[in-house]
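Here is what each chain is made of, one letter per residue.
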Amino acid sequence: MLLVTLLICFSPSALGQQEESQFGDDIDSDLADFDLDIAPRRVPRQVKTILTKETKPHIQELSIKTTIISRYAFTAVYCAMLNRHSAATEGVFQFQIPAGAYVSNFTMIIGGRIYQSEVKPKEKRVKQENGKPKNKESGDASPEPEVEVFRMAANIPGRNRAIFMLTYEELLQRRLGHYEHVTSLRPLQLVSRLSLDVTIVDHAPITGLQVLPLRNGKSNSASNPAAGPNAPKLPAKPEPPVTTVIKNEKNVCKITFSPNIVQQAKITTNGLLGDFVIRYDVQRDMGIGDIQVLNGHFVHYFAPKDLPVVPKNVVFVIDTSASMLGTKIRQTKDALFTILRDLRPGDHFNFISFSNKIKVWQPNRLVPVTPLNVRDAKKFIYTLATTGGTNIDGAIQTGSSLLREYVSGSDASPNSVSLIIFLTDGRPTVGEMQSTAILGNTRSAVQEKFCIFTIGLGNDVDYRLLERMSLENCGMMRRINEEADASVMLKGFYDEIGTPLLSDIRINYTEDSVQYVTQHLFTNYFNGSEIVIAGKLTNQSAESLHVQVTASNNDKSIILETDVPLRHRQMETEKHVKAATAAMAAGAKTPGSGVTQGLRDALGSKAEEFVERVWGFLSVKEGLRSRLRSQTSKEREEHIQQATNLSLTYSFLTPLTNLVVEKPEVLADGTMAPVPTITPAAGEAASAANELPSDTDDGKPQKSNGKPGSQSSALGNTIGKAERRPAKKSITISKTSADGDPHFVVEFPLSKLTVCFNINGEPGHVLRLVSDHKYSGVTVNGKLIGAPAPPGSHKQQRTYFSTITIVVDHPKRAYIEVTPKKVILDGRDRMVLPCHSTVAVDSGVLSVAIVGKSNVTVTVGGNISFVILLHQYKNPAPYQRDHLGFYIGQSKGLSHNCHGLLGQFLYEEVGLAELPAQGDMKPSSVLKVKERSVPVIQKSRRIYSGTQSVDCWFARNNAAKLIDGQYEDYLMSHMFDTGDWPHGTNRV
């Protein structure tokens with residue numbers, strides 16, 4: 001989870017029960033912190049009056065940190081809320097996020113207890129009301145796709161604080177030649193400490209940076225770049241909000257906004273400050289585009305410039321039903337008058353109005369743009385009158401027939417772009433009214449010859465119908481709120497699609513070098529926009545990736561191609577990721593609250609995975625679009641399952657998932673219910689592997705001292721009351737393990753043999769290590785991360801385990817997810833534990849003991865244990881990556897049917913045979929495994945971070961014949977995949 005590092009930033013007093021005297025003068029102290037540049041008594045007294053009249057909990061701090069790396073934005077929101085009253089009070093955390101963003105984590109800390117969210121598949125609507133666990137609340141914002149308000153209510157005990165932490169991610173879309181990042185600042189009250197920090201880092205130089213004045217209005221309309229400003233027009237050089245500081249250094253830009261409580265009151269006294277809007281673009285050259293490569297994934301940004309405009313054939317289909325009367329039709333006419341002036345001489349156009357009846361301005365044809373035709377079109381628009389119902393199907397059929405016949409005729413330019421722009425403010429009330437029938441009729445009429453762009457105006461629109469209509473016909477859908485300026489937004493939407501530069505775009509990559517590539521075929525490319533594609537690299541050892549772009553432009557075909565040097569791009573991408581984390585670290589040194597560093601660290605850890613997360617983000621979006629376009633229920637279910645699995649893998653709150661978090665239990669006297677205890681580790685009670693070493697900054701292993709209390713337990717001070725446990729006996733750790741590159745070692749005690757092998761997987765692969773889901777209920781998966789090989793190595797890349805997940809299903813489901821920096825434990829309670837502290841937690845089903853910066857021991861029941869080594873580097877070389885080693889400590893509780901790369905050998909015996917020399921061949925050795933003969937050679941392997949050396953018999957070629965099946969059979973779809981071994985048990 002993104003906010004794990006925040007857990008170490010709070011003092012006990014900030015989280016536990018508080019005394020009344022500690023809070024009595026909060027408002028006075030808050031105001032005293034500010035140097036007022038106005039009359040020091042009058043305005044502060046007014047502000048204090050406003051604050052003292054508040055009955056709801058007071059927001060002491062609202063801190064928002066955003067990092068944008070190559071147009072992918074990570075945002076973390078921290079909100080500290082104080083209940084000044086003696087009785088428990090409901091605190092409501094509410095935050096607006098952009099419509100295209102996905103929430104990726106939510107955490108509450110109330111009364112010293114952590115309430116961590118969990119992303120779960122959304123149940124069917126019929127079961128949803130009664131299907132939620134008791135005392136759980138969903139963070140799903142709304143079933144409506146465009147509602148962006150995330151809201152969570154929770155009881156705060158008397159004289160206590162609550163902390164809410166929310167993170168979300170979004171890929172910024174380029175529209176009208178710039179990117180726009182919008183942060184909603186609507187805390188609904190004056191805030192004692194308010195801060196917003198945005199860091200932009202890009203591979204290309206940042207250009208045209210602007211911070212606009214605070215924008216009012218609803219977030220979903222205001223945040224739409226197509227609308228232009230959804231407010232009065234801005235001056236030529238708009239002034240940024242007061243206190244805004246901008247530092248722009250070519251590829252790195254930092255923006256901060258921190259108005260004190262008096263400055264907020266001068267803007268508004270109700271806490272509705274508005275949207276903080278940042279616009280910028282990046283420098284780009286004509287060519288193949290910008291390709292970023294990181295950890296086995298790539299993202300390709302393609303936005304060519306300086307191309308001639310392609311002529312377009314456009315039919316405007318406009319709703320003139322009775323509901324359009326008044327402001328709607330007036331604003332629509334204003335926009336159409338403006339659009340007429342922007343049509344180019346090479347374009348052809350027509351207008352259709354519809355209600356009960358359908359009227360065509362120029363029957364059976366499209367006309368060229370001439371002064372006379374534009375004048376006649378204005379007359380037609382001016383005389384449009386509103387009456388009757390809404391015949392959507394008839395209007396689409398008429399417009400499609402008109403455009404289809406023109407495109408098929410001899411008058412149309414062969415490389416022109418054809419489209420329908422369809423606007424309505426209502427649902428179908430005349431003619432065909434079934435959505436499925438309308439969509440089918442539309443597909444039949446369009447015949448893939450042109451695109452449909454739909455616009456919904458107001459609150460009584462079937463947006464799902466319009467969205468499917470546009471998606472199925474290579475267009476886009478845009479919604480305009482009831483109170484928005486439809487004229488400005490309609491014109492803005494037309495500006496986005498009014499200048500086509502390319503058509504029939506196809507982007508191909510080296511065959512067999514990439515997989516799971518997101519959409520790479522595009523009908524049109526419009527000026528000022530951007531095409532973004534992401535995928536996985538199947539062969540990172542390749543020197544280069546061949547990229548080819550083919551497209552049509554005006555009267556000719558265009559082919560662009562180049563070879564992208566993969567290792568060079570990986571190094572360049574790593575460089576600007578480091579620039580992003582360095583910029584955040586520098587900002588964290590400035591004075592501020594203790595959470596500032598935690599938020600920046602959290603965003604920095606996610607930034608290191610940004611290319612993969614772009615791929616996951618785009619893949620989910622594509623799955624959701626494909627779901628809407630599906631023609632059969634089977635196809636729809638496949639897309640739903642795929643998008644759901646990806647949403648769970650990346651913890652995205654999407655239309656297919658819910659974000660569920662347990663709510664705090666507050667007793668009748670206003671205090672918290674008892675909380676579970678957390679026990680700091682003492683001596684060998686912390687782990688059976690206390691003496692296992694950790695990696696230091698120079699890469700040389702050192703032993704941890706293992707002394708009781710030698711590692712401070714910051715978390716132990718924040719949750720519950722700490723108790724020391726008596727020391728336990730050590731658990732014997734076997735040599736059976738997967739560590740390092742990764743090198744697999746299997747110990748066969750009965751045969752007195754040790755076998756080893758390598759798995760040359762690719763970064764991003766998830767490997768099944770232990771599979772006993774049906775019996776003991778235990779599954780262990782490990783995810784690979786990539787790194788370049790050291791200088792002089794025969795390898796071109798190395799892979800390590802970046803994450804280990806242990807899932808348990810008996811007696812109830814629980815899991816532990818381990819990375820080099822954090823442990824997520826979801827058992828009786830969901831907790832996030834930092835790996836730099838020493839702490840032990842017993843959750844009932846699972847137990848975890850962490851020796852800070854050294855190792856993690858996970859115990860299941862009393863007879864299964866795993867030890868995970870933490871390999872961390874303070875100053876890593878370019879070829880070093882923080883990673884994990886996995887060791888099986890005790891396996892008695894695993895069944896004889898256990899499988900996986902390691903699990904299949906736990907109850908096996910092997911034999912060693914010597915094959916005599918034949919001809920020129922020297923004598924060789926073979927292992928007898930399950931009646932298979934496996935050629936092996938002798939090797940020596942170092943384990944336990946290099947402190948021990950073990951002689952082993954090495955099986956080549958990804959353990960061919962040694963393991964059941966092939967190593968590809970052990971690749972999992974995601975980290976929580978508990979599917980069985982496809983070929984049954986390990987008994988053959």
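Just so it is clear, the model here is predicted, and its values are computed rather than measured. (Residues numbered from 1 in each chain as written. Predicted model: local features only at pLDDT ≥ 70, side-chain atom pairs only at ≥ 80, totals over all residues. Heavy atoms only, no water.)

(A) Structural context of unusual backbone geometry. Put simply, Asp-741 and Pro-742 share a cis peptide bond, and its omega is 0°. Look at Leu-188: it is not a glycine, yet its phi comes out positive at around 70°. Within the secondary structure, Leu-188 sits in the loop between β11 (178-185) and β12 (193-201). Given a relative accessible area of 36%, Leu-188 falls into the partly exposed group. Phi angles above zero are rare outside glycine, and Tyr-516 is one such case at about 50°. Within the element layout of this structure, Tyr-516 appears in the loop between β27 (514-515) and β28 (521-526). The class for Tyr-516 is exposed, based on a relative accessible area of 55%. (Helix = DSSP H or I, 4+ residues; strand = E, 2+ residues; numbered from the N terminus. Buried < 20%, exposed > 50% of the residue type's maximum accessible area, 1.4 Å probe, protein only.)

(B) Main features of the nonpolar core. Grouped together as the largest cluster of nonpolar side chains are 60 residues, with contacts concentrated most on Phe-744, Phe-757, Phe-886 and Leu-962. Those residues in contact with Leu-962, other than ones at most four positions away along the chain, are Val-755, Phe-757, Gln-904, Phe-905, Leu-927, Val-929, Arg-932, Val-934 and Ala-955. Of all hydrophobic cores here, the second largest spans 50 residues; its members include Leu-62, Val-77, Leu-185 and Met-672. (Core = buried A, V, L, I, M, F, W, Y, C linked by side-chain atoms within 4.5 Å. Contact = heavy atoms within 4.5 Å.)

(C) Up close: helix α17 (residues 633-649). Over its 17 residues, α17 extends 24 Å from the first C-alpha to the last, a length consistent with the 24 Å expected when each residue adds 1.5 Å. What α17 keeps buried is the set His-639, Ile-640, Ala-643, Thr-644, Leu-646 and Ser-647. Projection of α17 onto a plane perpendicular to its axis shows the buried side chains occupying an angular sector of 165°, all on one side. Buried positions along α17 lie against β6 (118-121), α16 (610-629) and β32 (657-662). Looking one or two places after α17, you find Ser-651, whose phi comes out positive at around 55°. (Expected span 1.5 Å × (residues − 1). Arc of directions from axis to C-beta.)

(D) Broad picture of the confidence of the model for the protein. Summing up the model confidence of the protein, the mean pLDDT is 80 and the portion of residues at 70 or higher is 80%. The low-confidence segment residues 1-43 (pLDDT under 50) makes 99 contacts with residues lying over four places distant or belonging to another chain. Here residues 218-234 is modelled with pLDDT under 50, and outside its nearest four sequence neighbours on either side it reaches 47 contacts, counting other chains as well. (pLDDT = per-residue confidence, 0-100.)

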